[in-house]
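This is what each chain is made of:
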Amino acid sequence: MKHVVVLTGAGISAESGLGTFRDEGGLWDKHKIEDVATKEAFQKNPLLVLDFYNIRRKQLLNSSPNNAHFALNKLTEKYKLSIITQNIDDLHERSGSENVVHLHGKLRESRSTISNKIYSIEGSELNVGDYCENGGQLRPNVVWFGELVPNMDIAIQKVKQASVFVIIGTSLNVFPAATLIDYAINAKRVIIIDPNSSYYDGVEIIYEKATQAVPKLVDELLALV
């Protein structure tokens, strides 16, 4: 069975109403990275950082997967499917996707600052004074700038196994995730779906939004098998 590996970025979630970071009007236009998305920021002002992610979590809980999320799951009818995401939302899982590799963590999880034990967040808020059983403050279980990406090796191995590698809604400007395209060494096709994509030699580029292009691509791939 051929293996389709998909890498998704903020563009696929934006069509479900979730704010992006790097586009004009995105989250980084309203917040400095160093103020809300670093370990140092959390140590300096945990209330600001937690509020930033609480707002995003509330937004997520009021959002739903879109037809691009659902369409990808149809590939399991004829392909082995692996989804790698740069997104910290759970829209893939809520659309029915299984075994999603999250490169940058999960918004609906917290992590102990003393043991790294992971906990689910019930509801939308994580606050100063929310501790693990050992007395450690809980932080969002997300990868902040300057931190290691723990699932990167898993993602690299999956991309190496890809027969088809599809990249959706990402600028490929965030490292190390941007390097994954270099590991598609066995892929017969590498396809980028993004209306603002840069040119890559030997890569098929579809300059459309995910909700427009993904269902059509899925139908094409299913018809080929």
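An account of the accompanying structure is given in this report. The structure displayed is predicted, hence computed values, not measured ones.

## Side note on the sheet that holds strand β4 (residues 105-112)
Thinking step 1. Here we have three strands laid out as an open sheet, ordered β5-β4-β6, and antiparallel in their pairing. Across the chains shown, the open sheet's two edge strands, defined by having one partner strand only, are β5 (118-120) and β6 (138-142). Between one strand axis and the next, the sheet turns through 45 degrees on average, direction left out of account.
Thinking step 2. Here β4 runs beside β6; their pairing, made up of five bridges, is antiparallel. Paired with Arg-111 across the strands is Arg-139, a residue of β6.
Thinking step 3. The strands touched by helix α5 (residues 46-61) within the sheet are β4 and β6, with β4 carrying the most contacts at an inclination of about 140 degrees.

## A short note on the pairing of strand β2 (residues 80-85)
Thinking step 1. Summarising burial for β2: five of the six residues are buried, a large majority.
Thinking step 2. Where strand β1 (residues 3-8) lies against β2, six bridges are found, and the strand directions are parallel. Bridging from a neighbouring strand, Val-4 pairs with Leu-81 of β2.
Thinking step 3. Here β2 pairs with strand β3 (residues 101-102) via two bridges, running parallel. Residue pairing in the sheet places Ile-84 in a bridge with Val-101 of β3.

## A few points about the sheet that holds β1
Thinking step 1. Strand order across the open sheet formed by six strands is β3-β2-β1-β7-β8-β9, with parallel pairing between neighbours. Of all the strands in the sheet, the pair left with one neighbour each is β3 and β9 (204-206).
Thinking step 2. Pairing of β1 with strand β7 (residues 164-168) involves five bridges; the strand directions are parallel. Bridging across to β7, Val-6 finds its partner in Val-166.
Thinking step 3. This element, helix α8 (residues 152-160), spans β1, β2, β3 and β7 of the sheet and lies at about 140 degrees to β2.
Thinking step 4. Against the sheet, helix α9 (residues 210-223) touches β7, β8 (189-193) and β9, its axis set at about 155 degrees to β8.

## Some points on α5
Thinking step 1. For α5, with 16 residues, the first-to-last C-alpha span of 22 Å sits near the 22 Å given by 1.5 Å per residue.
Thinking step 2. Those residues of α5 that sit buried are Val-49, Leu-50, Phe-52, Tyr-53, Asn-54, Arg-56, Arg-57 and Leu-60.

## Points about the packing of aromatic side chains
Thinking step 1. Applying the stated rule across the entire model yields three aromatic pairs.
Thinking step 2. Between the aromatic rings of Phe-42 and Trp-144, the centroid separation amounts to 5.5 Å while the plane-to-plane angle is 40 degrees, which identifies the pairing as tilted. Taken as a pair, Phe-42 in helix α4 (residues 39-44) and Trp-144 in the loop between β6 and α8 lie far apart in primary sequence, 102 residues in all. Pair check on accessibility: Phe-42 and Trp-144 agree, each one buried.
Thinking step 3. Taking the centre distance of 5.0 Å and the plane angle of 85 degrees together, the rings of Phe-52 and Tyr-53 count as edge-to-face. Assigned by exposure class, Phe-52 and Tyr-53 land together as buried.
Thinking step 4. Cluster of aromatic residues (ring-pair linked, three or more members): Phe-42, Phe-52, Tyr-53 and Trp-144.
Thinking step 5. Sitting above the plane of the Trp-144 ring, Arg-139 keeps its charged end 3.7 Å from the centroid.

Rules used in this analysis
Residue indices begin from 1 for each chain and proceed along its sequence in written order. The model is predicted, so local features are restricted to residues of pLDDT at least 70 and side-chain atom pairs to those at 80 or more, both for listing and for counting; the totals for chains, interfaces and linings are taken over all residues. Only heavy atoms go into the side-chain values, all of them from the structure, while hydrogens and water stay out. Two strands are counted as paired when DSSP detects at least two bridges linking them. Under the DSSP-based scheme used, a helix requires at least four consecutive residues in state H or I and a strand at least two consecutive residues in state E, with every element numbered from the N terminus. An axis is simply a line fitted to the C-alpha atoms; with a helix, the fit covers only the stretch in contact. Between two such axes, the angle follows the N-to-C directions and lies from 0 to 180 degrees. Residues are treated as being in contact if the distance between any of their heavy atoms lies within 4.5 Å. For every residue, the accessible area obtained with a 1.4 Å probe (protein chains only) is divided by the maximum for its type, and the residue is called buried under 20%, exposed over 50%, and partly exposed between those limits. Here the expected length of a helix is defined as 1.5 Å per residue gap, with one fewer gap than residues. Classification of ring pairs uses Phe, Tyr and Trp, with its six-membered ring standing for Trp, and accepts pairs whose centres are within 6.5 Å; under 30 degrees between planes counts as stacked, over 60 as edge-to-face, and the remaining range as tilted. Note on geometry: a ring has a charge over it if NZ (lysine) or CZ (arginine) is within 6 Å of the ring centre and within 35 degrees of the ring normal.

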